[in-house]
Amino acid sequence: MRIAVIGGTGHIGSYLVPELVQAGHQVVVLSRGERTPYRASSAWNRVERVQVDRDAEDAAGTFGVRVRGLGADVVIDLICFTEESARQLGEALRGQVRHLLHCGTIWVHGPSALVPTPEEAVTVPFGEYGIAKAAIERYLLGTDGLPATVIRPGHITGPGWAPINPAGHVDLGVFETLANGNELVLPNLGLETVQHVHAADVAGVFLAALANRSVAIGESFHAVAAGAMTLRGYAEGVARWFGQEPQLSFLPWEEWRKTVSDSDAAITLDHLSHSPHCSMEKAARLLGFRPSYSALAATLDAVAWLVDNGKLTVGSVPTDRT
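1. Points about the sheet that holds strand S4 (residues 74–77)
Note on sheets: strands pair through backbone hydrogen bonds, and any given pair is parallel or antiparallel. Read from one edge of the open sheet, seven strands run S3-S2-S1-S4-S5-S6-S11, paired in parallel fashion. Every other strand in the sheet has two partners, leaving strand S3 (48–51) and strand S11 (220–223) as the edge strands with one partner each. Each strand axis lies, on average, 20 degrees off the axis of its neighbour in the sheet, ignoring direction. The pairing of S4 with strand S5 (residues 99–103) spans four bridges and is parallel.

2. Let's talk about the layout of surface pockets
What the largest pocket holds in volume is close to 1,200 Å³. In terms of lining residues, the largest pocket is bounded by 43 residues, among which His 11, Leu 78, Ile 79, Phe 81 and Tyr 129 are the most central. Split by residue class, the lining of the largest pocket holds 20 nonpolar, 14 polar and nine charged.

3. Looking at the environment of Val 194
Relative to the elements of secondary structure, Val 194 occurs in strand S9 (residues 193–194). Along the primary structure Val 194 and Cys 278 are separated by 84 residues, whereas in three dimensions their C-alpha atoms are 10 Å apart. When neighbours within four sequence positions are excluded, Val 194 is seen to be in contact with His 155, Ala 228, Met 229, Leu 231, Tyr 234, His 271 and Pro 276.

4. A word on the pattern of salt bridges
In this structure the tally under the stated criterion is 12 salt bridges. Ionic pairing is found between Arg 152 and Glu 137, a salt bridge with its closest N-O pair at 2.8 Å. Here Arg 152 is found in strand S6 (residues 148–153), whereas its partner Glu 137 is found in helix H5 (residues 127–142), with 15 residues between them in sequence. Residue class for Arg 152 comes out buried when judged on its relative accessible area of 3%. Overall, Glu 137 belongs to the buried group, its relative accessible area being 7%. Across the salt bridge formed by Arg 240 and Glu 245, the nearest N and O atoms sit 3.2 Å from each other.

Each value, and the rule that gives it
- Residues numbered from 1 in each chain as written.
- Predicted model: local features only at pLDDT ≥ 70, side-chain atom pairs only at ≥ 80, totals over all residues.
- Heavy atoms only, no water.
- Pairing = 2+ DSSP bridges.
- Helix = DSSP H or I, 4+ residues; strand = E, 2+ residues; numbered from the N terminus.
- Axes fitted to C-alpha atoms, helices over the stretch in contact; angles between N-to-C directions.
- 1 Å grid on protein atoms, 1.4 Å probe; cavity = no way out; pocket = protein on both sides within 12 Å on 5 of 7 lines; lining within 4 Å.
- Points joined across faces, edges and corners; volume = space filled by probe spheres on them.
- Nonpolar A, V, L, I, M, F, W, Y, C, P; charged D, E, K, R; others polar.
- Contact = heavy atoms within 4.5 Å.
- Salt bridge = Lys/Arg side-chain N within 4 Å of Asp/Glu carboxyl O.
- Buried < 20%, exposed > 50% of the residue type's maximum accessible area, 1.4 Å probe, protein only.

As far as function goes, none of this settles anything; it's purely spatial.
The structure is reproduced here in C-alpha cells:
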C-alpha cells in the first residue's frame, strides 16, 4: 500500500516508518525538514520525502488537498493538535483513503477514576491540550465516511530525548541525583502515577491497527506500557539501576513546589493531576498487541542513551542495561 505519514521524522515515526518500509509499503513522509529521524536506518533511503509547513498550509486551507494529492491508501497523522486542522484533513480524505490513523493522547481522559482506565471510560479532559485532542477524537470517530482510528499514547520515551522524570517534570538533574545516591525530594507521598511508553511500542500499536483495519476503524486504542508507575516506585527503580539505594524524602505540594522552578512545578502538577493508569486490554483483545517494554524499562532505555551521549553527569554507569 501507499502510506503517507505526517510528521514521520519524530519520536514515533523514527520507529514506525522503517517498519512500514520493511513490510513492503511505499511510504511518503511529510515534515518540515528540520529534523532527522532519531534512529538511523537504511529504510529511509526508500522513503519519499515531502517538505511542508503544516501550520502555514492549514492557515491557507491547502494542507488537506496537498495530502489527498499524494494518492495514499492510508494516512497516518502524528502531528494534529486542533480540531480545525483535523477537519481540514478529514474532509479532504473522506471517500479517498482506506484508513486514517490519528495520534491522540491518554490526556483525553482527564483525571484517573477507574484504573486501569479503559478506552470507553467517560472522558473529562482539562487543559488546552487534552480538550483539543478530545475534540479531534469526537470529530474523527463521529464522522460518516471517514475510516478513522485513534491511537492514544502515554508519556512517549526512548533513546534521543529526556523522559518525564520521577519528580514529574523534565529536569535531567533528577536522574543525576538518583544516579549519585543523593536525596531526592518528591511531592506529597510520591504515590501519584505516570505511565510511560516506548516509542517502539507506540509504533507497534499503529502497525497492529493497520494490520487489523476491519476491527480498528471507528475505535480508539491506548498505547502505554502495561502498568503505571508511582513517582516513588519510578525513583526507586532508577536509583537501583544505577546501583544506588534510593534516598527519598517527601514534602506536601505547597512546600515542594517552592523547591523547583515555576515551570517545573507546572509540569509536575499537570502530571499529578492526571495520574494516568490506562488499560492495554483492548489492544490485546482486538489487535493482538502487547507492549514489549515495561514503563520502567522504557524510561531506562532513554536514560541509558542520555548517559552514553554525555547528557548526564553520573558517578557510575550501569553495565546491565535490562
